[in-house]
Amino acid sequence: MKLFLKDVVQSYGGLRALDGLDLAVEDTSCLALIGPSGGGKSTTLRLLSGLEAPTSGSIVINGQEIGDDTDRRRRFRKQVGIVFQAYNLFPHLTALANVALPLEKVHGYSTTDAILKSESLFERFQLEDHMMKKPAELSGGQNQRVAIARAIAPDPDIVFLDEPTSALDPEMTAEVLDAIYGLIEGEKRIVIATHQMGFAQRAADTVALIAEGKLVETGPSKQVIETPNTPRAQKFLEACLDR
Amino acid sequence: MSFNSLFLEPRKGNTAKNKSVRKAVSFLVAILTLSIVLFASFATLSYQWNWEAAFRYRLKFLDGWFTTLKISSVSFIFAFVIGSLSTLCSKSRFLPLKYLSLLYVELIRGTPLLVQIFLFYYVIADAANVQNRYVVGVAIMAIFSGAYISEILRAGIESVGRSQLLSAKSIGFTEYQTFRYVIAPQALRSSLPALAGQTANLIKDSSLLSIIAISEFTLNAQEVNAITYSSFESFFPLAIGYLIITLPIMRLSRYIEERLRYDT
Ligand SMILES: Nc1ncnc2c1ncn2[C@@H]1O[C@H](COP(=O)(O)OP(=O)(O)O)[C@@H](O)[C@H]1O
Ligand SMILES: [Mg+2]
């Protein structure tokens with residue numbers, strides 16, 4: 001996958017969440033966004049996935065300019081999958097319906113096909129026993145795997161994940177990370193914001209460190225995480241090691 | 001058996017055995033207290049009760065009760081339609097509609113139903129040349145209750161979280177699909193208890209229609225009082241008749257609330 005961000009600014013009121021972010025990534029199958037909290041990772045993901053339009057600057061993904069037009073961004077969102085930190089499943093629907101509904105309503109599957117496809121994903125993520133439960137009846141790890149199933153069900157080109165394990169305890173984190181490794185093995189293209197440097201180094205081929213709304217450093221994951229070049233990156237990664 | 005083990009609700013986590021006994025005994029005590037108070041207040045009146053006379057007019061009570069039930073049901077359906085439309089208007093980006101809805105809700109909620117009944121009956125219905133007073137009654141109750149339902153639904157819509165809207169956006173839903181599959185079902189669910197309460201209110205409030213001579217439950221009861229030269233007898237069946245409708249509605253609302261706790 002190819003990502004290209006040029007001088008991207010995103011303001012919320014007076015606050016510049018992104019303050020001239022430049023990032024060019026080529027031939028990457030998994031990109032990890034790392035950096036301090038409040039640095040702009042989530043905002044970057046919302047822009048890359050077409051959830052929001054930038055205040056200014058340009059964003060091109062695989063040759064496609066995301067742009068300002070609402071309809072165009074919605075069409076783009078149909079081609080990608082998005083997973084949030086807090087799962088954001090629909091509480092009034094069963095887990096199965098959460099996955100099947102977008103297939104049927106957005107991607108034109110028949111009801112039967114949508115359910116069949118969803119069921120096969122529940123099997124893949126070992127969630128067969130939980131298809132008919134509501135999100136409130138599932139653990140955080142199970143909910144996050146349902147959310148991942150929902151994101152990949154329409155076979156998207158790219159899956160964006162925003163700190164998918166930050167709300168989970170270690171055991172659940174492991175089961176969700178396994179699911180994400182599974183996506184990578186299945187040749188899905190992934191952009192993931194994460195605080196877990198070990199995971200970023202193992203899973204991602206490219207890492208981008210974002211802080212204070214700007215790109216600090218980018219490069220092969222091993223190099224950026226083990227031997228960062230800039231003082232800002234060194235400071236952040238040292239702080240990570242301390243924890 | 002100590003006082004505590006008979007009347008105090010066991011603390012959370014404490015698995016007391018005689019739970020149902022406690023409930024039954026305490027409920028009886030509550031009813032008994034209430035009865036004594038009522039009985040004592042009537043005893044001081046030294047009033048000659050005449051239940052046979054009231055009983056002779058039981059069909060009139062029944063008739064009125066059914067009329068109230070019918071007027072309320074039809075009114076509720078229209079109130080729900082009006083309320084939903086008003087909520088949609090209040091969310092519209094077309095400002096005249098938005099202000100129309102705002103005015104409607106504020107004017108209705110800010111004035112007494114009694115005033116609205118008079119105004120509507122003697123001015124508007126008269127000008128529009130509506131003859132059937134039952135039609136007028138249903139229209140008044142629907143317009144009145146619709147304003148409250150509009151507020152209930154609006155609050156329901158606003159209770160749908162931002163993260164839900166983002167989620168709907170992320171899977172590619174259009175604005176309409178977001179409303180249809182995410183906002184509306186969630187808003188309706190969180191509004192159900194308040195809607196049940198509003199239904200009970202509508203039924204009780206419809207008693208005011210008696211002042212424009214609609215033969216509903218309350219008017220019929222008043223007439224029985226007048227015919228039988230009695231003062232109180234008809235009010236007891238009247239209260240009980242309303243409770244027969246409102247108590248189940250309020251139980252239902254509690255039940256729904258319990259059931260839906262899981263969903264949000
Ligand atoms: N929708 C929003 N409205 C206002 N401020 C926001 C919004 N989203 C993010 N921010 C602000 O932008 C900055 C960057 O946030 P974010 O992208 O969430 O960082 P990260 O994901 O790296 O923690 C923060 O200061 C945050 O408070
Ligand atoms: Mg974030």
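Note that the structure is predicted; figures quoted are calculated from it, not measured.

A. Summary view of the pattern of salt bridges. Residues and elements named next belong to chain B. Inspection of the entire model under this criterion finds 14 salt bridges over all chains. Ionic pairing is found between Lys60 and Glu223, a salt bridge with its closest N-O pair at 2.7 Å. On the criterion of sequence distance, the pair formed by Lys60 in helix α4 (residues 58-90) and Glu223 in helix α10 (residues 217-227) is long-range, its members being 163 residues apart. Using a relative accessible area of 25% as the deciding quantity, one classes Lys60 as partly exposed.

B. Up close: the sheet that holds strand β4 (residues 56-61) of chain A. Residues and elements named next belong to chain A. Strands sit in the order β2-β1-β4-β5 across an open sheet of four strands; the sheet is antiparallel. Lying at the two open borders of the sheet, with one neighbouring strand each, are β2 (15-25) and β5 (64-65). Examined bridge by bridge, strand β1 (residues 3-12) and β2 share eight bridges and lie antiparallel to one another. By the bridge assignment for β2, Gln10 is matched with Leu18. On the sheet, helix α1 (residues 41-48) packs against β1, β2 and β4 and is oriented at approximately 115 degrees with respect to β1.

C. Broad picture of the confidence of the model for chain B. Residue-level pLDDT values for chain B average 89, and 97% of them are 70 or greater. Across the interface, the model reports ipTM at 0.92; the global pTM reads 0.86.

D. Just the packing of α4 of chain B against helix α11 (residues 235-260) of chain B, in detail. Residues and elements named next belong to chain B. Running from amino to carboxyl end, α4 crosses α11 at an angle of 35 degrees, the nearest separation of the two axes being 11 Å. The crossing of α4 and α11 is right-handed. Residues Phe61, Trp65, Thr68 and Leu69 of α4 form the contact with α11, whose own contacting residues are Pro237, Gly241, Tyr242, Ile244 and Ile245. In the contact of α4 with α11, the residues fall into seven nonpolar, two polar and no charged.

E. Fine view of the environment of Thr230 of chain A. All names here are of chain A. Its place among the elements puts Thr230 in the loop between α8 (221-226) and α9 (231-242). In this structure, the C-alpha to C-alpha distance between Thr230 and Arg72, residues 158 residues apart in sequence, is 38 Å. Here Thr230 is in contact with Val216 and Glu217, once residues within four sequence places are set aside. Side-chain polar atoms of Thr230 contact the side chain of Glu217, separated by 2.9 Å.

F. A look at the pairing of strand β10 (residues 214-220) of chain A. Residue and element names in this part refer to chain A. Pairing geometry for strand β9 (residues 206-211) and β10, over six bridges, is antiparallel. From the neighbouring strand, Ala208 faces β10, where its bridge partner is Thr218. Where β9 hands over to β10, the hairpin turn is made up of two residues, of which Glu212 adopts a positive phi near 50 degrees.

G. Broad picture of the side chain of Thr228 of chain B. Residue and element names in this part refer to chain B. Of note, Thr228 is situated in the loop between α10 and α11. A distance of 2.8 Å separates a polar atom in the side chain of Thr228 from the backbone oxygen of Val224. Setting aside anything within four residues of it in sequence, one finds Thr228 in contact with Ala53, Ala54 and Tyr57.

H. Molecular detail of the sheet that holds strand β7 (residues 158-162) of chain A. Residue and element names in this part refer to chain A. Strands sit in the order β6-β7-β8-β3-β9-β10 across an open sheet of six strands; the sheet is mixed. With partners counted over all chains shown, the strands left at the sheet margins are β6 (80-83) and β10, one partner each. Ignoring strand direction, the axes of neighbouring strands in this sheet form an average angle of 15 degrees. Its contacts with the sheet put helix α6 (residues 170-185) on β3 (30-34), β7 and β8 (189-193), and the angle it makes with β8 is roughly 145 degrees.

I. Geometry of the packing of α4 of chain B against helix α7 (residues 133-158) of chain B. Residues and elements named next belong to chain B. α7 packs onto α4 with a crossing angle of 45 degrees between their chain directions and a minimal axis gap of 5 Å. Between α4 and α7, the angle falls in the class oblique. Our pair here, α4 against α7, has a crossing hand that is right-handed.

J. Highlighting the site of ligand 1. Residues and elements named next belong to chain A. Ligand 1 sits among Tyr12, Leu15, Ala17, Pro36, Ser37, Gly38, Gly39, Gly40, Lys41, Ser42, Thr43 and Arg46. Gly40 places a main-chain nitrogen or oxygen 3.0 Å from an oxygen atom of ligand 1. In this structure, an oxygen atom belonging to ligand 1 sits 2.6 Å away from a side-chain N or O atom of Ser42. Burial of ligand 1 by the protein chains amounts to 66% of its free accessible area of 560 Å². Counting only elements with at least two residues in the shell around ligand 1, the list comes to β2 and α1. Ranked by the residues each element gives to the shell around ligand 1, the list is headed by α1, at four residues.

Rules and cut-offs
Residues numbered from 1 in each chain as written. Chains lettered and ligands numbered in written order. Predicted model: local features only at pLDDT ≥ 70, side-chain atom pairs only at ≥ 80, totals over all residues. Heavy atoms only, no water. Salt bridge = Lys/Arg side-chain N within 4 Å of Asp/Glu carboxyl O. Helix = DSSP H or I, 4+ residues; strand = E, 2+ residues; numbered from the N terminus. Buried < 20%, exposed > 50% of the residue type's maximum accessible area, 1.4 Å probe, protein only. Pairing = 2+ DSSP bridges. Contact = heavy atoms within 4.5 Å. Axes fitted to C-alpha atoms, helices over the stretch in contact; angles between N-to-C directions. pLDDT = per-residue confidence, 0-100. Left-handed = near helix turned anticlockwise from the far one by under 90°. Nonpolar A, V, L, I, M, F, W, Y, C, P; charged D, E, K, R; others polar. Polar contact = N/O pair within 3.5 Å; in protein donor to acceptor, adjacent residues only side chain to side chain. Parallel < 35°, antiparallel > 145°, perpendicular 65-115°, else oblique. Near = heavy atom within 4 Å. Areas by Shrake-Rupley, 256 points an atom, 1.4 Å probe, with all protein chains shown as cover.

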